[in-house]
Amino acid sequence: GWPDTPIGWSDVAALATSEEGWAGYGYPEWGSFKLGHTHPNFSNSGIISVIAEADAGAGKQRGLTMDDLQQPEVQAFMAEVESSIIHYGKSTGFFAHRMFDRGPSYLSAAVMYENLVAAQESKRIAGESLQLPVVAIYPKEGTFWSNHPYIVLNAPWVTDEQREAAEIFEAYLLDKPQQMRAIEYGFRPADPSIALTSPLDVQHGVDPLQPQTVLEVPSADVVVGIQELWAQRAKKPVDLVVVLDVSGSMRGETIAAARNSLIQFIGFLDDRDRLQIILFSDEMVTLTPLSPLGEKREDVIRRVSGITEQGDTRLYDAVEMAYEELQQNGDSKHIRAIVALSDGMD
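Here we summarise the structure given alongside this text. (Residues numbered from 1 in each chain as written. Predicted model: local features only at pLDDT ≥ 70, side-chain atom pairs only at ≥ 80, totals over all residues. Heavy atoms only, no water.)

1. Things to note about the packing of aromatic side chains
The cut-off we apply is this: Working definition: a ring pair exists when centres of Phe, Tyr or Trp rings (six-membered ring for Trp) sit within 6.5 Å. Plane angles under 30 degrees give stacked, over 60 give edge-to-face, the rest tilted. Runs of H or I in DSSP of at least four residues are treated as helices and runs of E of at least two as strands, each being numbered from the N terminus.
Using the criterion set out here, one finds 8 aromatic pairs in the structure. Judged by centre distance (5.8 Å) and plane angle (65°), the ring pair of Trp22 and Phe33 falls under edge-to-face. Highlighted residues: Trp22 in the loop between α1 (9-17) and β1 (35-36) and Phe33 in the loop between α1 and β1, separated in sequence by 11 residues. Ring plane angle 55° and centroid distance 6.0 Å describe the contact between Tyr150 and Phe169, whose orientation is recorded as tilted. Of the two residues, Tyr150 is situated in the loop between α6 (114-125) and α7 (160-174) and Phe169 in helix α7; the sequence distance between them amounts to 19 residues.

Structure below.
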């Protein structure tokens, strides 16, 4: 119904959990709904996403509390939205680039900044992109301003000359020519008296009259509580199979680097994520089966620390084995992925 009907997180939750997917809206050729947002521990847009989900679940625009986060309906709502996630990442620009390059086969929607939509539509209008048009949807429940603050630090090591230079640069940034240049790149000016012009217009997928509702940033303890709730209850789990080359060519520093990298990688996984590790050389050996990491984390790290190298490189067989394992034992409601670590050819 957009643009005549406002769209929000509640519509995303309904579409994410619908068995019909886009077919329920008359577009079966679009398949399932696929959402992307960055990881809230690493990215500003990621934390904005999960705070907005919590607000929408609680039916609030401001005053979100720790008690709200304990409500089953809030937790269930966040889990419903997150069920349509294809994967998480560190960079909003990464999602934008992949989404604009591959179109709706990769992502139906992503949480990103307005300027990225304007930039993509500028490319499409100029004939530099053949993808479908994209539009900015401002959730009916509200959204955030993501600002870029300029601060002159009040610190004893800031000299008078540095402070004066910073003030001169601030005045330069706020001068109208520079504010107009910000608009050219799709950013809203800091000076509200400056009228918005192209590409911040409907022709470039942007609504200059939005947002109508601006959400309040919660207190620090509530933000931390939302991150914990997301990780423990709402985040879409991962079924991950790691295929690790332990052939003779991996000897020395290479196998040591692989061990250390894998241990660090395991540290980024959550307890609810399911991990399988397949070692391969002449033969394939399952170091640990596909099961929740939380109950075996220390044991897996200990065993990875003792991996040694020998034999040849059966890379293709190992990857095929990992794929079959995910097909047979992976959960279709989880993110499913294979990571292959190898230094050579099959």
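2. A word on the side chain of Ser291
Basically, it comes down to this: When a residue's accessible area, from a 1.4 Å probe over protein chains only, is under 20% of the maximum for its type it is buried; when over 50% it is exposed; and in between it is partly exposed. Two residues form a contact once any of their heavy atoms are found within 4.5 Å.
One can find Ser291 in strand β5 (residues 284-292). Relative accessible area serves as the criterion here: at 16%, Ser291 is assigned to the buried category. Apart from the residues within four sequence positions on either side, Ser291 is in contact with Asp273, Arg274, Leu275 and Lys296.

3. Considerations on the packing of helix α5 (residues 92-102) against α6
Helix packing for two helices is described by the angle between their axes and how far apart those axes are. Going by this rule: Here an axis means a line fitted to C-alpha atoms, over the contact stretch when the element is a helix, while the angle between two N-to-C directions is reported on a 0 to 180 degree scale. Roughly parallel refers to an angle under 35 degrees, roughly antiparallel to one over 145, roughly perpendicular to one between 65 and 115, and oblique to any angle outside these ranges. For any pair of crossing helices, the crossing counts as left-handed if the nearer helix is rotated counterclockwise from the farther one by less than a right angle, and right-handed if it is rotated clockwise.
It is the contact of α5 with α6, at a shortest axis distance of 11 Å, that shows an interaxial angle of 30°. Between α5 and α6, the angle is such that the two are roughly parallel. As α5 packs across α6, the resulting crossing turns out to be right-handed. Contacts from Thr92, Ala96 and Phe100 of α5 reach α6 at Leu116, Val117 and Gln120.

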